[in-house]
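Read off the chains here:
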Amino acid sequence: MKHLVACALCIPLFGPVQAADATPQPTPAMAQAASELRPRHQGYAFEQPQLLLRQRLFGLAHGLSMLAAACLDLPRHSTPIQDAYASWHGKQTGTIEVLVLDLARYYFGERADEASWFDLARALGLNDSIEPALRDVSLDDACASLPQAIVGPRYDFARLLADAAAPDSPATVANAVPPATEGSPRGTPTSPKPAE
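In short, a report on the structure. (Residues numbered from 1 in each chain as written. Predicted model: local features only at pLDDT ≥ 70, side-chain atom pairs only at ≥ 80, totals over all residues. Heavy atoms only, no water.)

1. Some details on the nonpolar core
Judged by nonpolar contacts, the single largest core of 47 residues is most densely connected at Leu57, Phe58, Leu67, Trp88, Tyr107, Leu120 and Phe157. Put simply, the parts of the chain that give this core at least two residues each are helix 3 (49-71), helix 4 (75-108), helix 5 (117-124), helix 6 (131-134), helix 7 (139-149) and helix 8 (157-165). (Core = buried A, V, L, I, M, F, W, Y, C linked by side-chain atoms within 4.5 Å. Buried < 20%, exposed > 50% of the residue type's maximum accessible area, 1.4 Å probe, protein only. Helix = DSSP H or I, 4+ residues; strand = E, 2+ residues; numbered from the N terminus.)

2. Here we look at the environment of histidine 62
Along the polypeptide, histidine 62 turns up in helix 3. With 65 residues separating them in the primary sequence, histidine 62 and asparagine 127 have C-alpha atoms 9.0 Å apart. Reaching out from histidine 62, the side chain makes a polar contact with the backbone oxygen of asparagine 127 at a distance of 3.0 Å. (Polar contact = N/O pair within 3.5 Å; in protein donor to acceptor, adjacent residues only side chain to side chain.)

3. A short note on the packing of aromatic side chains
Under the counting rule described, the total for this entry stands at 6 aromatic pairs. Ring centres of tyrosine 44 and phenylalanine 46 lie 6.1 Å apart, and the angle between their planes is 35°; this geometry places the pair in the tilted category. By relative accessible area, which is 25% here, tyrosine 44 ends up partly exposed. Since its relative accessible area comes to 62%, phenylalanine 46 is described here as exposed. Here phenylalanine 58 and tryptophan 117 contribute two aromatic rings whose centre-to-centre distance is 4.4 Å and whose plane-to-plane angle is 40°, an arrangement assigned as tilted. (Phe/Tyr/Trp six-rings, centres within 6.5 Å; stacked < 30°, edge-to-face > 60°.)

4. With respect to the pattern of salt bridges
Enumeration according to the criterion identifies 7 salt bridges in this entry. For arginine 76, the salt bridge identified is with aspartate 140, shortest N-O distance 2.8 Å. Here arginine 76, found in helix 4, pairs with aspartate 140, found in helix 7; they are 64 residues apart in sequence, far enough to count as distant. Note on arginine 76: relative accessible area 58%, which makes it exposed. Here aspartate 156 ties to arginine 159 by a salt bridge, and the two come within 3.9 Å at their closest N and O atoms. (Salt bridge = Lys/Arg side-chain N within 4 Å of Asp/Glu carboxyl O.)

These figures come from the coordinates and say nothing about function on their own.
Structure below.
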């Protein structure tokens, strides 16, 4: 079961934004093709609140996927992290797919279907390692708190988007965790890959 969950978390890390199935590991040719995909915009759209919210939520998802993947290397946290992340991801998948598609359209226009998770992270200027985001917090402490934190309102993306769309409702989202690794194309990292 642990390996099945871990594989599911990795599926979006290596496919395009519309890919529903797992794709093979990136090759140098794939990396070169991805690098040729140039975003029409860079960074955050501070003047567009609805888009900014989607960007911030994507940043949170990116950071969360990196943290979950890093936690799998710590045996005492591996199973609780896999269980918590799989449960959260199952509830948030549809919303994250919408975020990814909206952002792919914004950044890559007519080439949105070619954009990967990594392309979006690059366009937003997100980190490819969780270490800078941890600052003074140890990885062990971050991993210990993740299963409880992930069920909180900060990570309920569907609710945050719905609240933001409601009239007279301020959209509040905590700062994004400096996000993810060479991430997940086309979707969301469904599951961090277990340590080998």
